[in-house]
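Listed below, chain by chain, are the residues.
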Amino acid sequence: MEYRGIRVDTGLKKITTKDSLFHGHYCVDPYQNCEFQCHYCDSSLENRVYVKVNICGILHKELPGVKQGRIIIGSVHDPYQNAERTYQLTRSILEVISEYSFPCHILTKSPLVLRDIDLLSALDCCVTVSLIGLHDRLVHVFEPQAPAPQHRLQVVDTLRRHGIVAGLALIPSMPYLVEPELKRIVNAARHVDAQYLLHSPLQLKGDQRQVVFALLHTHYPELLSQYHALYDDDVTPPPSYTKQLTDALSALCQQYNMPTALPRNVAQQSQKQGR
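*Asks:* Before we move on, can you summarise the overall build of the protein with the specific residues and values?
*Replies:* Scanning the protein from terminus to terminus reveals 11 helices and 10 strands. What you see for the protein is a C-alpha radius of gyration of 18 Å, in line with the 19 Å of a compact globule of 275 residues. Dimensions of the protein along its principal axes, counting C-alpha atoms only, are 55 × 40 × 35 Å. For the protein, buried positions account for 53% of its 275 residues. The long-range fraction of contacts in the protein, counting pairs at least 24 apart against all pairs at least 6 apart in sequence, stands at 78%. Only carbon and sulfur atoms are counted for the fraction: they give 48% of the accessible area of the protein, which is about 12900 Å². The protein carries 27 positive and 27 negative side-chain charges, and their two centres are separated by 6 Å.

See the structure below:
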């Protein structure tokens, strides 16, 4: 993996549509592209990570002039990918956010987030750790460079033990592959004291459609025709499938007393800030 430093003109991006899933108002990505290279993500198509070397200076200029709101860190590219060990941009961004008293929501797959527990404990912050399942084969096929699911679960467990708001996101939900694991995933979320379990279906945009279909052809050929039928000429599954999955997951979450949305205090605060 090649790292290349770049200078950016803007650091903070305003979210212009209502974010009912993560309740964010702005987003910041310290890196462009991601070395975890999950095959369902367009960040997997280039073996180069761009490091936004001046992003903290830009944020120092931007934050005093914008309305308070929750900042999503890692909206597109994982902020705790391996580059963070060297460049520590995410940690520096957290320090800037703390200076201006902005709340934040971190999206990651990486145990490296635990390095910054000292900062997270002092911030109005929540951390969502994403996974696609717990089955070794599924993860090996679609997320071969990402941290193991058990390590991600341990991240949530550790964050919760430190009193930090944290939960899991079943994102993306892989049709016909996730259903057999739903009960196991919900039970695992409860076991690590996750405060919520979010989900959103797989989207197949651009070249990702070919990548995912090729992997299905090799590893899950029995599902290929179902995927073709499900996605047809669209990037998302039809509402009928999404509702079916949502209903199944909601029933299990209710059984295990696992919320399917961010804690009310986070959501309400975000709604108030967004007015």
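*Asks:* Which residues make up unusual backbone geometry, and what values do they have?
*Replies:* Cis geometry is adopted by the peptide bond preceding Pro 172, which originates at Ile 171 and carries an omega value of -5 degrees. With respect to the helices, strands and loops of the structure, Pro 172 is situated in strand E9 (residues 165-173). Phi angles above zero are rare outside glycine, and Asn 33 is one such case at about 80 degrees. Looking at the element boundaries, Asn 33 is found in the loop between strand E4 (31-32) and strand E5 (48-52). For Asn 257, which is not a glycine, the phi torsion comes out positive at approximately 55 degrees.

*Asks:* Hey, could you go over the pattern of salt bridges for me, with residue numbers and the actual values?
*Replies:* Pairing of side chains with opposite charge becomes possible as their charged atoms draw close. One pass over the full model with this rule turns up 13 salt bridges. Between Asp 124 and Arg 70 there is a salt bridge whose closest N-O contact spans 3.5 Å. With Asp 124 in the loop between helix H4 (117-122) and strand E8 (125-131) and Arg 70 in the loop between helix H1 (55-62) and strand E6 (71-73), the pair connects residues that are 54 residues apart, well separated along the chain. Relative accessible area serves as the criterion here: at 0%, Arg 70 is assigned to the buried category. Residues joined by salt bridges that share partners form a network here, namely Glu 84, Arg 91, Glu 95, Arg 115, Asp 116 and Asp 118.

*Asks:* How would you explain the environment of Val 156 if you had to name every residue and give the values?
*Replies:* Here Val 156 shows up in helix H6 (residues 149-161). A residue is classified by how much of its surface remains accessible, and Val 156, at 0% relative accessible area, is buried. Remark: the alpha-carbon pair of Val 156 and Leu 138, spanning 18 residues in sequence, is separated by 21 Å.

*Asks:* Give me the sheet that holds strand E7 (residues 104-108): which residues, what numbers.
*Replies:* Reading across from one edge, E2-E3-E6-E7-E8-E9-E10 is the order of the 7 strands in this open sheet, with mixed pairing throughout. Two strands close off the open sheet at either side, each with one partner strand: strand E2 (13-14) and strand E10 (197-201). For E2 and strand E3 (residues 26-28), the ladder comprises 2 bridges, and the chain directions are antiparallel. Pairing of Lys 13 across the sheet is with Cys 27, part of E3.

*Asks:* For the pairing of E7, give the residues involved together with the corresponding values.
*Replies:* Judged by how many residues are buried, E7 sits mostly within the fold: 5 of 5 residues are covered. In E7, alternate side chains face the same way, and those of Cys 104, Ile 106 and Thr 108 on one face and His 105 and Leu 107 on the other are all buried. Note that E6 and E7 share 3 bridges and pair parallel. Bridge pairing links Ile 72 to His 105 in E7. Of the strand pairs in this sheet, E7 and E8 are connected by 5 bridges, and their pairing is parallel. Residue pairing in the sheet places Leu 107 in a bridge with Thr 128 of E8. For the handedness criterion, the β-α-β arrangement of E7, H4 and E8 is classed as right-handed.

*Asks:* Could you give an account of helix H7 (residues 182-191), naming the residues involved and the relevant values?
*Replies:* For H7, every residue scored as buried is listed here: Leu 182, Ile 185, Val 186, Ala 188 and Ala 189. For H7, the buried positions fall inside an angular range of 160 degrees around the axis, keeping them on one side. Looking one or two residues beyond H7, the residue adopting positive phi is Asp 193, at roughly 65 degrees.

*Asks:* Describe in detail the sheet that holds E5, supporting the description with residues and values.
*Replies:* Strand order in this open sheet of 3 strands is E1-E5-E4, and the pairing throughout is mixed. Among the strands making up the open sheet, the edge pair consists of strand E1 (2-6) and E4. In this structure, E4 lies alongside E5, joined through 2 bridges in antiparallel fashion. Each bridged residue has a counterpart across the sheet, and for Tyr 31 the counterpart in E5 is Val 51.

Parameters at a glance
Residues numbered from 1 in each chain as written. Predicted model: local features only at pLDDT ≥ 70, side-chain atom pairs only at ≥ 80, totals over all residues. Heavy atoms only, no water. Helix = DSSP H or I, 4+ residues; strand = E, 2+ residues; numbered from the N terminus. Rg over C-alpha atoms; globule rule 2.2 N^0.38 Å. Buried < 20%, exposed > 50% of the residue type's maximum accessible area, 1.4 Å probe, protein only. Contact = heavy atoms within 4.5 Å. Areas by Shrake-Rupley, 256 points an atom, 1.4 Å probe, with all protein chains shown as cover. Lys, Arg positive; Asp, Glu negative; His and termini not counted. Charge placed at Lys NZ, Arg CZ, Asp CG, Glu CD. Salt bridge = Lys/Arg side-chain N within 4 Å of Asp/Glu carboxyl O. Pairing = 2+ DSSP bridges. Right-handed = clockwise from strand over helix to strand, strands pointing away. Arc of directions from axis to C-beta.

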